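One letter stands for each residue in the lines below.
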Amino acid sequence: MAYDGYPPAYASAANLEPEMTLPRVEHPTKVSVEQLRLDRQNPRLTGQAGRHSDEALVAELYRSAELDELLQSMSSNGYLDIEPLVVMEGPEGGELVVLEGNRRLAAVRLLLEPDFVSRIRSHEGLNLTIPGIPDSLRPTFDQVTVYRVSDRIQARPLIGFKHINGPQKWDAYAKARFAAKWYKESKDSGVGLDDIARAIGDRHDTIKRMVSAIYVLEQASDEALFEVEDRYPKKFNFSHLYTALSRSEYMAYLGLASGWARYDPELDPVPAEKTGELRQVLRWIYGYRPDDEKHVVKRQNPDIKRLGEVLAKPEAIHELKITGNLDRAHEVAEPVTARFTKSLIESRRALQAAIGSVRAYDGRDESLLGISEDIKETAEVLHSRMNDKRRRAETER
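Because the structure is a prediction, the values reported are computed rather than measured. (Residues numbered from 1 in each chain as written. Predicted model: local features only at pLDDT ≥ 70, side-chain atom pairs only at ≥ 80, totals over all residues. Heavy atoms only, no water.)

Undergrad: Please set out unusual backbone geometry residue by residue, giving values where relevant.
TA: A cis amide bond links Asn 301 with the next residue in sequence, Pro 302, at an omega value of 15°. Within the element layout of this structure, Pro 302 appears in helix α13 (residues 300-311). One non-glycine residue, Ala 224, lies in positive phi territory at about 55°. Considering the arrangement of structural elements, one finds Ala 224 in the loop between α9 (206-222) and α10 (238-244). Overall, the relative accessible area of 70% leaves Ala 224 in the exposed class. For Asp 292, which is not glycine, the phi dihedral falls at a positive 55°. (Helix = DSSP H or I, 4+ residues; strand = E, 2+ residues; numbered from the N terminus. Buried < 20%, exposed > 50% of the residue type's maximum accessible area, 1.4 Å probe, protein only.)

If you want it as structure tokens, here you go:
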């Protein structure tokens, strides 16, 4: 082979990443699509989807992995057999589990199996739109090229480089699940997250923080506190969680040691007496659909920071639990001096905007003039009280 035993998508990585050891693989071979099986342990899958049927697995990929464009491309161009799938022998003879290329296999099955599409619509409640394939292109789907590896361990550096710091990056949740599984299965042999980070080309502590957050999510699932599928937003913003867990306010609220995510994680990182707080934090970040409980974090910036500031003030926590309103809870958490300054600046800004629009006032509506009189009197009272305090402060000097 021109690439000396490396799949083309990874050949250059062997030179660019000196710490990485890419496994040698067999020469590519052609196999029938009927031999291929989807990987139930695919890191792209959220929560429980991969533990159930092929219908649930493909429905999850359809929702989260942007299969629409791939389906359109294949229906127009056929199966472009450019990059081989990476496969290993399945538990039953003659089957090949696809470790790399599940999106492509899912798209092929949707295009070729109308009954499979009908079952997904029926069982998963998903309204798929599947384009047709011209008869002239159908032969391109008969066989596909694969690289065979002996097991998942042999495939890890290949898949990890490609999807974590390589050309086709996964989202943060898929990256974290992949690295967490690798760590769990390798730590008894002395492999730490630093080793895994180097193997996949990560130069930062991001992988450690993400894997630590996976351990927190798994603890929440094991203790029936929260499931990813129960979140309110359609998209699972995993970065909200690992960003939050790196902030001191969340660590204190959940009983986590300062800087805990800088070290290799352990099972059940949140102390047993703090699991109620963990359940509440996950609901505030992601909501909880079974109870129709909306998430208070709408955007990572600034809401994760604001929620953290609320967690540092017991009275603000109480306000958030009662009202479910992050703005009101944050007002309670915010120091009085900060609230006063903010109110003063916002009032000036509003008055400046009113002055800029005063040409719209035609002089006929006396109620508006009355409002301006109230503003004037309020401003004079405010200014007088602030002046009094300034004079007292000068006297005390």
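Undergrad: Describe the environment of Ala 333, listing the residues and the values that go with them.
TA: For Ala 333, the position within the fold is in helix α15 (residues 326-333). For Ala 333, a relative accessible area of 8% puts it in the buried group. In this structure the C-alpha to C-alpha distance between Ala 333 and Ala 316, which are 17 residues apart in sequence, comes to 5.2 Å.

Undergrad: Give me a negative patch on the surface: which residues, what numbers.
TA: Where like charges cluster on the molecular surface, the negative patch consists of Glu 373, Asp 374, Glu 377 and Glu 380. Relative to the helices and strands, Glu 373 resides in helix α17 (residues 366-396). Judged by relative accessible area, which is 40%, Glu 373 ranks as partly exposed. (Patch = residues over 30% accessible without salt bridge, like charges linked within 9 Å, V, L, I, M, F, W, Y side chains within 5 Å. Areas by Shrake-Rupley, 256 points an atom, 1.4 Å probe, with all protein chains shown as cover. Salt bridge = Lys/Arg side-chain N within 4 Å of Asp/Glu carboxyl O. Lys, Arg positive; Asp, Glu negative; His and termini not counted. Charge placed at Lys NZ, Arg CZ, Asp CG, Glu CD.)

Undergrad: So what about a nonpolar patch on the surface? Which residues, and what values?
TA: A grouping of Leu 351, Val 358, Tyr 361, Leu 368, Leu 369, Ile 371 and Ile 375 is seen on the molecular surface, where their side chains present a nonpolar patch of about 590 Å² in accessible area. Top contributing element to the nonpolar patch by residue count: α17, with 4 residues. Following the sequence through the fold, Ile 371 ends up in helix α17.

Undergrad: Break down helix α12 (residues 275-286) for me, with residues and values.
TA: Given 3.6 residues per turn, any residue in an α-helix points the same way as the ones three and four places further on. When the terminal C-alpha atoms of α12 are compared, their 16 Å separation across 12 residues agrees well with the 16 Å that a helix rising 1.5 Å per residue should span. Taken together, the buried positions of α12 are Thr 275, Leu 278, Gln 280, Val 281, Leu 282, Arg 283, Trp 284, Ile 285 and Tyr 286. In this structure, the buried residues of α12 make contact with α9, α10, α11 (248-254), α13 and α14 (314-323). Among the residues trailing α12, Gly 287 stands out with phi positive, at a value near 75°. (Expected span 1.5 Å × (residues − 1). Contact = heavy atoms within 4.5 Å.)

Undergrad: Give me the lowdown on the sheet that holds strand β1 (residues 29-32), citing residues and values where you can.
TA: Taken in spatial order, the 5 strands line up as β1-β5-β3-β4-β2 in an open sheet, and their pairing is mixed. Edge positions in the open sheet fall to β1 and β2 (36-37), since each of these has one partner strand only. As paired elements, β2 and strand β4 (residues 96-100) share 2 bridges and run parallel to each other. Note that in β4 the partner of Arg 37 across the bridge is Val 97. Strands in contact with helix α4 (residues 102-112) are β2, β3 (85-89) and β4; relative to β4, the strand with the most contacts, it is inclined by about 125°. (Pairing = 2+ DSSP bridges. Axes fitted to C-alpha atoms, helices over the stretch in contact; angles between N-to-C directions.)

Undergrad: So what about the packing of α13 against α15? Which residues, and what values?
TA: At a minimum axis separation of 9 Å, α13 and α15 run at an interaxial angle of 50°. In terms of orientation, α13 lies oblique with respect to α15. The crossing of α13 and α15 is left-handed. Mapping the contact onto sequence places Asp 303, Arg 306, Leu 307, Glu 309 and Val 310 in α13 and Leu 326, Asp 327, Ala 329, His 330 and Ala 333 in α15. (Parallel < 35°, antiparallel > 145°, perpendicular 65-115°, else oblique. Left-handed = near helix turned anticlockwise from the far one by under 90°.)

Undergrad: Lay out the confidence of the model for the protein in plain terms, naming residues and giving numbers.
TA: The predicted model of the protein has a mean per-residue pLDDT of 85, with 87% of residues at 70 or higher. For the protein, helix α1 (residues 13-16) is the element with the lowest average pLDDT, namely 40, and α12 is the one with the highest, namely 97. Every residue in residues 1-6 scores below 50 in pLDDT, and together they form 16 contacts with partners more than four places removed in sequence or on other chains. A low-confidence stretch, residues 10-20 stays under pLDDT 50, and its non-local contacts, those more than four residues away or across chains, total 21 contacts. (pLDDT = per-residue confidence, 0-100.)

Undergrad: Describe in detail the nonpolar core, supporting the description with residues and values.
TA: Leu 217, Phe 238, Leu 241, Ile 285 and Leu 307 are the most contacted members of the largest nonpolar core, which has 64 residues in total. Among the elements that line this core, the one with the most residues is α9, at 9 residues. Once residues within four sequence positions are removed from consideration, Leu 307 is found in contact with Tyr 250, Trp 284, Ile 285, Val 297, Leu 320 and Leu 326. The next biggest cluster of nonpolar side chains, apart from the first, holds 35 residues, and it includes Leu 85, Ala 107, Val 108 and Val 117. (Core = buried A, V, L, I, M, F, W, Y, C linked by side-chain atoms within 4.5 Å.)

Undergrad: Break down the side chain of Thr 275 for me, with residues and values.
TA: Along the chain, Thr 275 falls in helix α12. Residue classification places Thr 275 among the buried residues on the basis of a relative accessible area of 15%.

Undergrad: An account of the packing of α14 against α15 is requested, with residue identities and associated values reported.
TA: Viewed as axis vectors pointing N to C, α14 and α15 meet at an angle of 165°, and their least axial separation amounts to 8 Å. Relative to α15, α14 is oriented roughly antiparallel. As for the relative orientation of α14 and α15, their crossing is right-handed in sense. Facing α14, whose interface residues are Glu 315, Ala 316, Glu 319, Leu 320 and Thr 323, α15 presents Leu 326, Arg 328, Ala 329, Val 332 and Ala 333. Of the residues belonging to the contact of α14 with α15, the class tally is 6 nonpolar, 1 polar and 3 charged. (Nonpolar A, V, L, I, M, F, W, Y, C, P; charged D, E, K, R; others polar.)

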